[in-house]
Amino acid sequence: MIVLGLDTATADTVAGLIDTERALELSARRPPSGGRPGHARELLALARELLDRADLAWEALDRVVVGVGPGSFTGLRIGLSVAHGLALSLGATLVGVGTLAALADGLPAPESGHRLAVIDARRGEVFVAAYAGGAEMAEPRALAPGEVAAFARALDPHATWEAVGDGAIRFQDELRAGGVSVPEPEAPVHRVDGLAICRRGAAATDGHPASVLPDYRRRPDAEIARHRRQP
């Protein structure tokens, strides 16, 4: 099976490619340029780059996997639109996977195996989910950074917790003050890996494309602004 993975939930544009018959695994990413994500410009170009490196045509893809978030509203819309379009035009299956789960997959397990995936949600919040032994302990939610450690302790007060993600980097002081370990900001475990997206999607069962939807976890800023303007 040949699987293409895409993720645009964070500021990085991320892609991965797995060819199970050749045991081939490739990944690529583009960080934001000038402080702004380049998802619309970079995503298809990254996918094309991986196909070229694997000497494959678009038509060779069996499955397209996309990270559904939670994360940036604009980023998720771009990633989901591209993934749906590719799957439809190529006749490939489409699978959505949680971006936080894929982020947690990239973290070598501490002795207890307890981990937090933390994505910066802006507006002074983070999107966070907790995992132990590869299983989700609680579904993703939006929290204030100062609430994350208490959230983890409520799930397992005796565990050693480690957090990764751009939200963990931005709010590392708050997390460490609560007893949560955070790897150094330069550590690659803080970035979503395209291969983690691919692997989760390759292991998933086929579903209907209409079920692959963005996981926003809260209302978009524009909707909140409209509500505030209403008399």
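Basis of the calculations
- Residues numbered from 1 in each chain as written.
- Predicted model: local features only at pLDDT ≥ 70, side-chain atom pairs only at ≥ 80, totals over all residues.
- Heavy atoms only, no water.
- Helix = DSSP H or I, 4+ residues; strand = E, 2+ residues; numbered from the N terminus.
- Core = buried A, V, L, I, M, F, W, Y, C linked by side-chain atoms within 4.5 Å.
- Buried < 20%, exposed > 50% of the residue type's maximum accessible area, 1.4 Å probe, protein only.
- Contact = heavy atoms within 4.5 Å.
- Salt bridge = Lys/Arg side-chain N within 4 Å of Asp/Glu carboxyl O.
- Expected span 1.5 Å × (residues − 1).
- Phe/Tyr/Trp six-rings, centres within 6.5 Å; stacked < 30°, edge-to-face > 60°.

Side note on unusual backbone geometry
Item 1. Cis peptide bonds are those with omega within 30 degrees of zero, and the linkage from glycine 69 to proline 70 qualifies with 5 degrees.
Item 2. Tracing the backbone shows proline 70 in the loop between β4 (63-67) and α2 (73-90).
Item 3. For alanine 23, which is not glycine, the phi torsion reads 55 degrees and is therefore positive.
Item 4. Here the phi dihedral of arginine 122 falls at roughly 65 degrees; this positive angle occurs in a residue that is not glycine.
Item 5. Mapped onto the secondary structure, arginine 122 falls in strand β6 (residues 114-122).

Observations regarding the nonpolar core
Item 1. Counting 27 residues, the largest nonpolar core has Leu4, Leu6, Leu17 and Val64 as the members making the most contacts within it.
Item 2. When residues of this core are traced back to their parent elements, those giving at least two are β1 (2-7), β2 (13-19), β3 (24-30), α1 (39-53), β4 and α2.
Item 3. Residues in contact with leucine 6, not counting those within four places in the same chain, are Val14, Ala15, Leu43, Ala47, Val64, Val65, Val66, Gly67, Val82, Ala83, Leu86 and Ile197.
Item 4. By size, the runner-up hydrophobic cluster in this structure holds 24 residues, among which are Ile18, Val189, Leu195 and Ile197.

Some details on the pattern of salt bridges
Item 1. Tallied over the full model, the rule gives 15 salt bridges.
Item 2. The closest approach of N and O atoms between aspartate 105 and arginine 200, which form a salt bridge, is 2.6 Å. You can see aspartate 105 sitting in helix α3 (residues 99-105) and its partner arginine 200 sitting in helix α7 (residues 194-203), a full 95 residues away along the chain.
Item 3. A relative accessible area of 29% places arginine 200 in the partly exposed class.
Item 4. Salt bridges linked by common partners bring Arg30, Arg41, Glu42, Glu49 and Arg53 together as one network.

Notes on α2
Item 1. Over its 18 residues, α2 extends 26 Å from the first C-alpha to the last, a length consistent with the 26 Å expected when each residue adds 1.5 Å.
Item 2. All of the buried residues in α2 are Phe73, Gly75, Leu76, Gly79, Leu80, Val82, Ala83, Leu86 and Ala87.
Item 3. Once α2 ends, the next one or two residues include glycine 91, with phi positive near 70 degrees.

Brief notes about the packing of aromatic side chains
Item 1. For the structure shown, the criterion picks out one aromatic pair.
Item 2. Ring geometry for phenylalanine 73 and tyrosine 216: centres 5.2 Å apart, planes at 50 degrees, overall tilted. Taken together, the residues phenylalanine 73 in helix α2 and tyrosine 216 in the loop between α7 and α8 (221-229) connect sequence positions 143 residues apart.

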